[in-house]
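# Remarks on the overall topology
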2 protein chains.
Amino acid sequence: MLANIRVVLVQTYHPGNIGASARAMKTMGLTDLVLVNPRCFPDPEASRLAAGAEDVIDSARVVTSLKEAVSDCVQVVGASARLRSLPLPHFDEPEAMARELVDNADDPVALVFGRERFGLTNDEIRCCSHQVSIPANPGYGILNLAQAVQVLAYETFKAWRQRPESDYRQPRPAEERQPTREQLEHFHEHLSRVMRQSGFLTQPHARTETQLQALFARAQPSRKELSLLRGLLRSLEPDTAVTRSTSEDDRT
Amino acid sequence: MLANIRVVLVQTYHPGNIGASARAMKTMGLTDLVLVNPRCFPDPEASRLAAGAEDVIDSARVVTSLKEAVSDCVQVVGASARLRSLPLPHFDEPEAMARELVDNADDPVALVFGRERFGLTNDEIRCCSHQVSIPANPGYGILNLAQAVQVLAYETFKAWRQRPESDYRQPRPAEERQPTREQLEHFHEHLSRVMRQSGFLTQPHARTETQLQALFARAQPSRKELSLLRGLLRSLEPDTAVTRSTSEDDRT
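Calculation notes
- Residues numbered from 1 in each chain as written.
- Chains lettered and ligands numbered in written order.
- Predicted model: local features only at pLDDT ≥ 70, side-chain atom pairs only at ≥ 80, totals over all residues.
- Heavy atoms only, no water.
- UniProt positions renumbered as here; feature names shortened; annotations may be inferred.
- Helix = DSSP H or I, 4+ residues; strand = E, 2+ residues; numbered from the N terminus.
- Buried < 20%, exposed > 50% of the residue type's maximum accessible area, 1.4 Å probe, protein only.
- Contact = heavy atoms within 4.5 Å.
- Pairing = 2+ DSSP bridges.
- Axes fitted to C-alpha atoms, helices over the stretch in contact; angles between N-to-C directions.
- Buried area = accessible area lost by both parts, 1.4 Å probe.
- Salt bridge = Lys/Arg side-chain N within 4 Å of Asp/Glu carboxyl O.
- Polar contact = N/O pair within 3.5 Å; in protein donor to acceptor, adjacent residues only side chain to side chain.
- Core = buried A, V, L, I, M, F, W, Y, C linked by side-chain atoms within 4.5 Å.
- Least-squares fit on C-alpha atoms with pLDDT ≥ 70 in both.
- Parallel < 35°, antiparallel > 145°, perpendicular 65-115°, else oblique.
- Left-handed = near helix turned anticlockwise from the far one by under 90°.

Per an unreviewed UniProt entry, chain A goes by the name tRNA (cytidine/uridine-2'-O-)-methyltransferase TrmJ and belongs to Billgrantia montanilacus. In its Sequence similarities (unreviewed entry) section, UniProt records this for chain A: "Belongs to the class IV-like SAM-binding methyltransferase superfamily. RNA methyltransferase TrmH family." What UniProt records for chain A under Subunit (unreviewed entry) is the sentence "Homodimer."

Of regular secondary structure, chain A possesses 11 helices and 7 strands. A buried classification covers 48% of the 252 residues belonging to chain A. Long-range pairs, those at least 24 residues apart, make up 81% of the contacts in chain A between residues at least 6 apart in sequence.

With that settled, consider the sheet that holds strand 2 (residues 32-36) of chain B. Residue and element names in this part refer to chain B. Ordered in space as 3-2-1-6-4-7-5, the 7 strands form an open sheet in which the pairing is parallel. Lying at the two open borders of the sheet, with one neighbouring strand each, are strand 3 (61-63) and strand 5 (90-91). Taken together, the 5 bridges between strand 1 (residues 5-10) and strand 6 (residues 109-113) define a ladder with parallel strand orientation. From the neighbouring strand, valine 8 faces strand 6, where its bridge partner is valine 112. Helix 1 (residues 15-27) contacts strand 1 and strand 2 of the sheet and is inclined by roughly 155 degrees relative to strand 2. Each of strand 1, strand 4 (75-79), strand 6 and strand 7 (130-132) is contacted by helix 7 (residues 145-161), which is oriented at about 155 degrees to strand 6, the strand it contacts most.

Moving on, we come to the interface of chain A and chain B. Taken together, the contacts link 44 residues of chain A with 44 residues of chain B. A buried area of about 3,600 Å², summed over both sides, lies between chain A and chain B, and 53% of it is on carbon and sulfur atoms. Between chain A and chain B we count 6 salt bridges in total. Taking the shortest distance from any N to any O, the salt bridge between arginine 161 of chain B and glutamate 93 of chain A comes out at 2.8 Å. The interface formed by chain A and chain B includes 20 residue pairs in polar contact (both at pLDDT 80 or more). Of all the elements in the fold, those that place two or more residues in the side of chain A that touches chain B are helix 1 (15-27), helix 5 (94-103) and helix 7 (145-161) of chain A. Take the side of chain A that touches chain B: its biggest share by element is 9 residues, from helix 7 of chain A.

What follows deals with the sheet that holds strand 6 (residues 109-113) of chain A. Residue and element names in this part refer to chain A. Sheet architecture is open: 7 strands sit in the order 3-2-1-6-4-7-5, paired in parallel fashion. Taken across any chain shown, the strands that pair with only one partner, and hence form the sheet edges, are strand 3 (61-63) and strand 5 (90-91). Looking at chain direction, strand 2 (residues 32-36) and strand 3 are connected through 3 bridges and run parallel. Among the inter-strand pairings, valine 36 is bridged to a residue of strand 3, identified as valine 63. In the packing of helix 7 onto the sheet, contacts are made with strand 1 (5-10), strand 4 (75-79), strand 6 and strand 7 (130-132), and the angle to strand 6 comes to roughly 155 degrees.

The next point concerns the pattern of salt bridges. According to the stated counting rule, one finds 28 salt bridges over all chains in the structure shown. The partner of arginine 115 of chain A in a salt bridge is glutamate 124 of chain A, with the nearest N and O atoms 2.7 Å apart. Like arginine 115 of chain A, the residue glutamate 124 of chain A is buried in the burial classification. In this structure, aspartate 32 of chain B engages arginine 6 of chain B in a salt bridge whose closest nitrogen and oxygen atoms are separated by 3.0 Å. Of this pair, aspartate 32 of chain B sits in strand 2 while arginine 6 of chain B sits in strand 1, placing them 26 residues apart in sequence. Note on arginine 6 of chain B: relative accessible area 5%, which makes it buried.

Below, the discussion takes up the nonpolar core. Within the largest apolar cluster, 92 residues are counted, with the highest numbers of intra-cluster contacts made by Leu33 and Phe113 of chain A together with Leu33 and Phe113 of chain B. Ignoring anything within four residues of it in the chain, the contact list for leucine 33 of chain A reads Val7, Leu9, Ile18, Ala22, Met25, Val56, Ala60 and Arg61 of chain A.

What follows covers the relation of the copies chain A and chain B. Note on the identical chains: chain A maps onto chain B by a rotation of 180 degrees and an axial translation of 0.1 Å, with an RMSD of 0.2 Å. Here the copies are linked by what is in effect a two-fold axis. The share of interface residues of chain A whose copies in chain B are also at the interface is 100%, consistent with both copies meeting through the same surface.

Turning to the packing of helix 8 (residues 181-197) of chain A against helix 9 (residues 207-219) of chain A, a few remarks are in order. Residues and elements named next belong to chain A. At a closest axis distance of 11 Å, the pairing of helix 8 and helix 9 adopts a crossing angle of 140 degrees. Put simply, helix 8 runs oblique to helix 9. Crossing hand, helix 8 versus helix 9: right-handed. Residue-level contacts link Phe187, His188, Leu191, Ser192, Met195 and Arg196 of helix 8 to Glu209, Leu212, Gln213 and Phe216 of helix 9.

Right, dumping it as structure tokens:
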């Protein structure tokens, strides 16, 4: 499905921006890049900035018009920082755009980015079915080309990930095993016992116990951390202290 | 409130990345940049890639440790592509991170980005209160520094924008005025009349009328477009046609 989501760059001036856009695409799982009349391509600067996404650059197709780039697409979203000049449906939220794009991506769909300086012409916007803008600082809202690609590719990836068929799992280390309720209970009993034995708590069911239980609930200690804490408690218990002072006594 | 959201770049290698990060920040309304031991700063390449965000570069502070950069902060979020090495609270979703960051931004808060090649050291991660990762292609998930800044700044701006005190309005041209319900009703009456007069509709309350009403409801024509459509209908009305054919008759 991500394979059906095409990125189209129209008449890019700096080849480095093509490379950086390819990298941005690849970080978000997009691979289909089409270039409309790039000023300079292929170019070593494009490959250099692709930095690991050379495969996206190498398989990019070059065409001579936006129409040609998107004629097989069922949805074509023009990214435009300019105010809308045509009454195309307009997404103010890239997130909403991405959800719809992914919904339509059983067939080819496209995200279209204009020239660095002046974006898309009105004729090119007419090749689009929708427009999207990236919300930004009203006083300085112009993202660099590759950064606009990054933001929209990121939203697209997020939307795709939420679909059950994406089968996406956040790569992460095996979670620390969580303690059982019983293990937690034993810990809190142990803690209360130590606090009583030390004379810190003098009455039963003190509010302090509840407060500490809440604190540890927020910290969500793993099983390993809980066993660390119990070890600490054991070393603080008066019984242990007695044993230790006994052995010290023995030594004297 | 955005003024309290600091971006900290740790030991950046390429000065161009500092410039591009400053630009990314400014597009999302962030201005407080702190550099920990940058390899090369100030540098013309940083200013060149700032491209309009030179003010962010010019007011950037340089410090010698991450601790110094964040000591006044109430929340410090380390952006890390690496698997978590310390049991800090970890945001898998930049969106959730941004909401919390903005919630805390009555006091200074920080987003911390590590070195281009190897991110943050464990000692530096210990200066953070939280970690965040950007969801990405498991096979190629390393965003360029400035692009990681762009994505997290974008999420931060989105979160800020949703707060009532942001008073943010999407800059957009004055909306085309929408037609009143009465104007829409007149249009649909006109359309039905033309369809009947032409013989296209032969029975009252045809399903076709309902279908066309739904279609125009989806298209949400502006007042101007509606008047265009009514002009078209007028030109198609048999009465007008009669007049035209009459005048043609006259001519023969």
